[in-house]
Amino acid sequence: MHKVQSLFLYMLTISIALVAPKFRLGSWGLYDLCAVALWLSILAWPKPLRRLSSLSLSLRLFLLIIAIVFFGGVATLYSMNHYGIVVQPDFSYLLRFVLGLLIYLGVWLLVTDRPYRLSVITWLLASTAVYQTFLAIFNIGSHLRFLGTFTDPNYYAAYQSSIFVVLLALASEPNSSKRSIVSRIPLFIICFGIGLSVLLSFSRGGLLSFTLGSAFVIVVRLFHEKRRMVFPVFLVIVGAFLVLHIVQSTPSFARWSSRMTVDEIIAGGGAGRLTTWKQAVTAIIENPIGYGWGSEHLIIGRTGHNLFVESGIQFGLLGLILVVVFWIITGLDATRLFRRKPSTLELGFVAASIIMLISSLTVSSLLSRPFWFVLALGGATSNLIRDQYKKDYKVCES
């Protein structure tokens, strides 16, 4: 049965980027159908559920369920009683969040149950990113922002960036007797291609998360392996200049670069986001209990474009606090990589989680399936390595 579970997990990995309407069956995305099939296999053979005993996973689940289900439910009932027909409960929002949470939990359980799955997932993700890259290259002459198989270039940029840092961690692995830096040049070439596809999205938030995630990988590598990182860092710098040179020749670059000035960002309110966030803060102050599931458009007139804004509006101040705590706990996985030398995949997937956390500050992420998928991989990988260190420590003590 574990092979069936692996199959559904790999199908979910491939489908997680297929967000556009043409990849949907009615109102269901392929990733949602894969998630349901995955959980049916888990319930049929519940051995992976023993991983729920992990304190790290249990705490994160507790925070999310209390914030979104409990405080979101309280806010929904309160708003129905006080605002009447203006605010109606959106149970489809709750269903979509539950599907995202099932992806998060299912991926975490199956990866920690059989760690070899992580390697297969890595190369499946790399394959999907390469596919998106080819689509981007064929679209390079377009005047439009590239969004791949997504519906929004910002989500596309976050997804591609998260895979980029995983492959960058693999490519920048210090030299060993088994693998020289020359043998990893093809990986660097793939990274440069994916980096180009990210820039073609012309997403300011995507560019920020891409830069910080990449910098995190390089800094951690330099922190542990200063001498053996000279050539990899050199290749990264050269590749960055080549990619920027290519992007500068595209029709969309002039329009995008004009929007990158400080004056333009301030004048435009960050594409309207600052204005939206101000409205959201005012709404949260007026009603700290929250307005309920799916109430963003009714209260501020549009999507909040921020994880904390969408949480505060819908789940109230207490729900917002719990989501912030979840965000911080997830981000703290990164600090452990400076206390001990990380494995390559741990570094890559924790960096990918950082990218998703940073991206969540400029897009609405609670209903984004790739957001939960990548966070699960980062948390599960970090948890696996931490447990292994504890076992090794106990063996040394005995």
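Relevant structure appears above.
Since the model is a prediction, treat every value here as computed from it, not as a measurement. (Residues numbered from 1 in each chain as written. Predicted model: local features only at pLDDT ≥ 70, side-chain atom pairs only at ≥ 80, totals over all residues. Heavy atoms only, no water.)

A few words on helix 14 (residues 307-331). Compared with an ideal rise of 1.5 Å per residue, which puts 25 residues at 36 Å, helix 14 spans 14 Å between its outermost C-alpha atoms and falls more than 12% short. At Phe-315, helix 14 shows its maximal kink, close to 135 degrees. For helix 14, the side-chain oxygen to backbone nitrogen distance between the N-cap and Phe-308 is 2.7 Å, and the N-cap itself is Asn-306. (Helix = DSSP H or I, 4+ residues; strand = E, 2+ residues; numbered from the N terminus. Expected span 1.5 Å × (residues − 1). Bend = angle between axes of the 7 residues up to and from the residue. Polar contact = N/O pair within 3.5 Å; in protein donor to acceptor, adjacent residues only side chain to side chain.)

This part is about the nonpolar core. Ranked by internal contacts, the top residues of the largest apolar core, which has 95 residues, are Leu-12, Tyr-104, Val-107, Phe-216, Trp-372, Phe-373 and Leu-377. By residue number, the principal contributor to this core is helix 6 (residues 153-171), which donates 13 residues. When residues no more than four places from it in sequence are discounted, the contact partners of Val-107 are Leu-9, Leu-12, Phe-373, Ala-376 and Leu-377. Counting residues in hydrophobic clusters, the runner-up holds seven residues, among them Ile-284, Ile-300, Val-309 and Ile-313. (Core = buried A, V, L, I, M, F, W, Y, C linked by side-chain atoms within 4.5 Å. Buried < 20%, exposed > 50% of the residue type's maximum accessible area, 1.4 Å probe, protein only. Contact = heavy atoms within 4.5 Å.)

The next point concerns the environment of Leu-118. Tracing the backbone through its elements, the reader meets Leu-118 in helix 5 (residues 117-138). For the pair Leu-118 and Leu-345, spaced 227 residues apart in sequence, the C-alpha separation works out to 8.3 Å.

Okay, the side chain of Gln-5 next. Mapped onto the fold, Gln-5 is located in helix 1 (residues 2-15). For Gln-5, the side chain forms a polar contact with the main-chain oxygen of Trp-45, separated by 3.1 Å. Excluding anything up to four places from it in sequence, Gln-5 contacts Leu-38, Ser-41, Ile-42, Trp-45, Pro-48, Leu-110 and Arg-117.

Our focus in this paragraph is a nonpolar patch on the surface. A cluster of nonpolar residues, Leu-25, Trp-28, Leu-33, Val-36, Leu-40 and Leu-95, forms a patch on the protein surface that exposes about 530 Å² of accessible area. Per-element accounting of the nonpolar patch gives the leading share, three residues, to helix 2 (residues 30-44). One can find Leu-40 in helix 2. (Patch = residues over 30% accessible without salt bridge, like charges linked within 9 Å, V, L, I, M, F, W, Y side chains within 5 Å. Areas by Shrake-Rupley, 256 points an atom, 1.4 Å probe, with all protein chains shown as cover. Salt bridge = Lys/Arg side-chain N within 4 Å of Asp/Glu carboxyl O.)

Along the chain, Pro-186 turns up in helix 7 (residues 185-199). Judged by its relative accessible area of 48%, Pro-186 is partly exposed. Through-space distance from the C-alpha of Pro-186 to that of Ala-171 is 8.6 Å; in sequence the pair is 15 residues apart.

For the rest of this paragraph, the subject is unusual backbone geometry. The bulk of non-glycine residues show a negative phi, and the bulk of peptide bonds are trans. For Phe-202, which is not glycine, the phi dihedral falls at a positive 50 degrees. Structurally, the position occupied by Phe-202 is in the loop between helix 7 and helix 8 (204-224). Its identity as a non-glycine residue notwithstanding, His-305 has a phi of 55 degrees, on the positive side. Along the chain, the position of His-305 falls in the loop between helix 13 (296-300) and helix 14. For His-305, a relative accessible area of 16% corresponds to the buried category.

Moving on, we come to the packing of aromatic side chains. Applying the stated rule across the entire model yields 16 aromatic pairs. Residues Tyr-93 and Phe-315 carry aromatic rings whose centres are separated by 6.5 Å and whose planes lie at 55 degrees to one another, so their mutual orientation is tilted. Of this pair, Tyr-93 sits in helix 4 (residues 91-113) while Phe-315 sits in helix 14; the two residues are 222 residues apart in sequence, bridging distant segments of the chain. With respect to burial, Tyr-93 and Phe-315 carry one shared label: buried. Relative to Trp-372, the ring of Tyr-104 lies with its centre 5.6 Å away and its plane at 75 degrees, an arrangement referred to as edge-to-face. Of the two residues, Tyr-104 sits in helix 4 while Trp-372 sits in helix 17 (residues 369-397), which places them 268 residues apart along the sequence. Accessibility classification places Tyr-104 together with Trp-372 in one group, the buried group. Among the aromatic side chains, those forming a connected cluster through ring pairs are Phe-97, Tyr-104, Trp-108, Phe-326, Phe-371 and Trp-372. (Phe/Tyr/Trp six-rings, centres within 6.5 Å; stacked < 30°, edge-to-face > 60°.)

With that out of the way, let us pick up the packing of helix 6 against helix 8. Running from N to C, helix 6 and helix 8 point in directions that differ by 15 degrees, and their axes come no closer than 9 Å. Comparing their axes, helix 8 and helix 6 come out roughly parallel. Where helix 6 crosses over helix 8, the handedness of that crossing is right-handed. Touching Ala-157, Ser-161, Phe-164, Val-165, Leu-168 and Ala-169 of helix 6 are Gly-206, Phe-210, Gly-213, Ser-214, Val-217, Ile-218 and Arg-221, all from helix 8. Split into classes, the residues belonging to the contact of helix 6 with helix 8 amount to eight nonpolar, four polar and one charged. (Axes fitted to C-alpha atoms, helices over the stretch in contact; angles between N-to-C directions. Parallel < 35°, antiparallel > 145°, perpendicular 65-115°, else oblique. Left-handed = near helix turned anticlockwise from the far one by under 90°. Nonpolar A, V, L, I, M, F, W, Y, C, P; charged D, E, K, R; others polar.)

Looking now at the pattern of salt bridges. By the definition in use, this model includes five salt bridges. One salt bridge connects Arg-60 with Asp-333, and the closest N-O pair in it is separated by 3.3 Å. With Arg-60 in helix 3 (residues 55-83) and Asp-333 in the loop between helix 14 and helix 15 (336-339), the pair connects residues that are 273 residues apart, well separated along the chain. Here Arg-336 makes a salt bridge to Asp-333, at a shortest N to O gap of 2.5 Å. According to the relative accessible area criterion, Asp-333 is buried, its value standing at 3%. Overlapping salt bridges, with partners in common, bring together Arg-50, Asp-113 and Arg-114 in one network.

None of this, on its own, says anything about what the molecule does.
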